[in-house]
Amino acid sequence: MASEETNRGAFRIQEFYCRKMDALIYADICAAIAERLDRGSETGRRVLDWPGEPTRDALPLRLIGGLHALVLADADAELGEIFAGQVSAEALNRVLARNDAALLPWLDGPPQTNEPGRSGALIVGLIEVARRLGPKLEILEIGSSGGLNLLIDRYRFDLGGAMLGPADSPVTIAPAWLGDPPELPPLEIVSTRGCDVQPLDVTDPAVEARLSAYVWAETPMRLERLKRAIAMIREKGVDLERADAADWVEARLAEPQAEGVTRVLMHSVVWQYVPDASTARIRVAMEAAGAQATPERPLAWVAMEPDRALGEQVVSVRTWPDGGPRIVVATAHAHAAWVRPGEERSSEQGILLDAAAEVRL
């Protein structure tokens, strides 16, 4: 049930994630908000009275995205000092009171991070699909945001020294690889298509600025990669539609499938934002399509979704016609700064979560 305690607790959970990902200033900001946020601003009141499940709604990231936008616009000198490491709860409350009008719209919708680096984890799932079912893959992505991970066929990957993708790509994604380099099977992505309930036109400077605000201030390399990926879309766009995820998946699965091409549903850090009724429909649609899959026209499901208790992303794969259980092929940092191949999970103690905050495929 929604309560001020639960809403403050969401910032403590985000603090745990930020410390685990070495984003110490963001962790300190979350801690200050959790402990000392007051009701002296409309923003503060809205956060403390949040009616939904705040972790699942990514409430901390909504607010911090708005704060970072003000920093990038050089709109509040005191906030700039906070983001430089001089974190103070009193100062944060003053900032919120001064900037209600600018911050409140950031609370209206979930963050659309659209992190290109996540392709460095998703590609591990696609490698497993190609190993099992053959080289040719047709990618269907839900929750595509601005479509930056639909460029997965155009990125260059360095996976612990194993190189994949076009050698002349403007973007090379090279996560810290915590394991042996993978043996790469033949892999050809024949097409990528995606949908989002509110797709972003990343070629719009205002949209680029918004996406930039969701890039954590402590990771400037991500911001540079984001700009390069957006430049790739300006040069050649992607196939991205406005659609409800369940409607779109059902329609795509009903289309004729080319022989010798595996149809792959793919998504990353989106399942929590899709309504429960829609996720149920997607499960049913995939099971039904899987029952019709053949070795000549196989089906796969590749997901990168969070294990919130551990603060890690889990890359998992399910394939048909074998119809076996979903398997974990890697775990990863939320922005895929590191990727650990295999089923091994963190041995660190996690954080206690309400069941409503967990993400289950």
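About the cut-offs
Residues numbered from 1 in each chain as written. Predicted model: local features only at pLDDT ≥ 70, side-chain atom pairs only at ≥ 80, totals over all residues. Heavy atoms only, no water. Helix = DSSP H or I, 4+ residues; strand = E, 2+ residues; numbered from the N terminus. Expected span 1.5 Å × (residues − 1). Buried < 20%, exposed > 50% of the residue type's maximum accessible area, 1.4 Å probe, protein only. Pairing = 2+ DSSP bridges. Salt bridge = Lys/Arg side-chain N within 4 Å of Asp/Glu carboxyl O. Core = buried A, V, L, I, M, F, W, Y, C linked by side-chain atoms within 4.5 Å. Contact = heavy atoms within 4.5 Å. Axes fitted to C-alpha atoms, helices over the stretch in contact; angles between N-to-C directions. Parallel < 35°, antiparallel > 145°, perpendicular 65-115°, else oblique. Left-handed = near helix turned anticlockwise from the far one by under 90°. Nonpolar A, V, L, I, M, F, W, Y, C, P; charged D, E, K, R; others polar.

Engineer: Would you take a moment to explain helix H8 (residues 119-133) for this structure?
Structural biologist: An α-helical segment advances 3.6 residues per turn. Residues three or four places apart therefore align on the same side. Between its first and last C-alpha atoms H8 spans 20 Å; for 15 residues at 1.5 Å apiece the expected length is 21 Å, and the two agree. The element H8 is extensively covered by neighbouring structure, given that 12 of its 15 residues are classed as buried. Among all positions in H8, only Ser119, Gly120, Ala121, Leu122, Ile123, Val124, Gly125, Leu126, Ile127, Glu128, Val129 and Ala130 are buried. Gly134, located one to two residues past H8, shows a positive phi value of around 120°.

Engineer: Honestly, unusual backbone geometry in this entry has me stumped. Any pointers?
Structural biologist: Negative phi is the rule for most residues except glycine; trans is the rule for most peptide bonds. Following Trp320, the chain continues to Pro321 via a peptide bond in cis, the omega torsion being 25°. With respect to the helices and strands, Pro321 occurs in the loop between strand S10 (312-320) and strand S11 (327-332). A positive phi angle, close to 50°, is found at Val269, a residue other than glycine. Of note in this structure, Ala336 is not a glycine but carries a positive phi near 60°. Following the sequence through the fold, Ala336 ends up in the loop between S11 and strand S12 (338-341). Its relative accessible area of 4% is what places Ala336 among the buried residues.

Engineer: When you look at the pairing of S12 in this model, what are you seeing that I'm missing?
Structural biologist: For a regular strand, side-chain orientation follows a simple rule: the groups alternate between the two sheet faces. Bridge analysis of strand S5 (residues 176-177) against S12 gives two bridges, and the strand direction is parallel. Looking at S12, one finds that Ala176 is bridged to Trp338. Across three bridges, the pairing between S11 and S12 is antiparallel. Bridge pairing links Thr331 to Arg340 in S12. Linking S11 back to S12 in an antiparallel pair, the connection comprises five residues, with Ala336 at a positive phi of about 60°.

Engineer: Please explain the sheet that holds strand S6 (residues 188-196) as it appears in this structure.
Structural biologist: Pairing between sheet strands relies on hydrogen bonds along the backbone, with the strands arranged either parallel or antiparallel. Taken in spatial order, the nine strands line up as S5-S12-S11-S10-S9-S8-S1-S6-S7 in an open sheet, and their pairing is mixed. Both edges of this open sheet fall to S5 and strand S7 (239-242), since each of them pairs with a single strand only. Across seven bridges, strand S1 (residues 136-142) lies against S6 in parallel orientation. Across the sheet, the residue bridging to Leu140 is Arg193, located in S6.

Engineer: Help me understand the pattern of salt bridges, please; the structure alone is not making it clear to me.
Structural biologist: Once the charged atoms of two side chains with opposite charge are near each other, the side chains can pair. The final tally for this structure, using the stated rule, is 29 salt bridges. With a shortest N-O distance of 2.9 Å, Glu4 and Arg39 are connected by a salt bridge. Of this pair, Glu4 sits in helix H1 (residues 4-20) while Arg39 sits in the loop between helix H2 (24-36) and helix H3 (42-48), placing them 35 residues apart in sequence. When its relative accessible area of 30% is taken as the criterion, Glu4 is described as partly exposed. Lys227 serves as the salt-bridge partner of Glu208, at 3.7 Å between the closest nitrogen and oxygen. One end of the pair, Glu208, is in helix H9 (residues 205-213); the other, Lys227, is in helix H10 (residues 220-235), with 19 residues separating them in the sequence.

Engineer: Even after reading the chapter, I still don't get the nonpolar core, so can you show me in this structure?
Structural biologist: Soluble globular proteins tend to pack their nonpolar side chains together in the buried interior. Formed by 42 residues in total, the largest nonpolar core has its most connected members in Ile123, Leu126, Leu148 and Tyr155. Tallying contributions element by element places H8 first for this core, with seven residues. Leave out the neighbours within four places in its chain, and Leu126 touches Leu137, Ile139, Ile152, Leu187, Ile189, Val264, Met266 and Val302.

Engineer: I tried to follow the packing of H9 against H10 on my own but got confused; where do I start?
Structural biologist: As a packed pair, H9 and H10 sit with axes 10 Å apart at the nearest point and diverge in direction by 150°. On the basis of their axis angle, the class for H9 and H10 is roughly antiparallel. For the crossing formed where H9 meets H10, the hand is right-handed. In this structure, H9 contributes Glu208, Leu211 and Ser212 to the contact, and H10 contributes Leu223, Leu226, Lys227, Ile230 and Arg234. Residue classes in the contact of H9 with H10 are distributed as four nonpolar, one polar and three charged.

Keep in mind that these numbers describe shape and distance, not what the molecule does.
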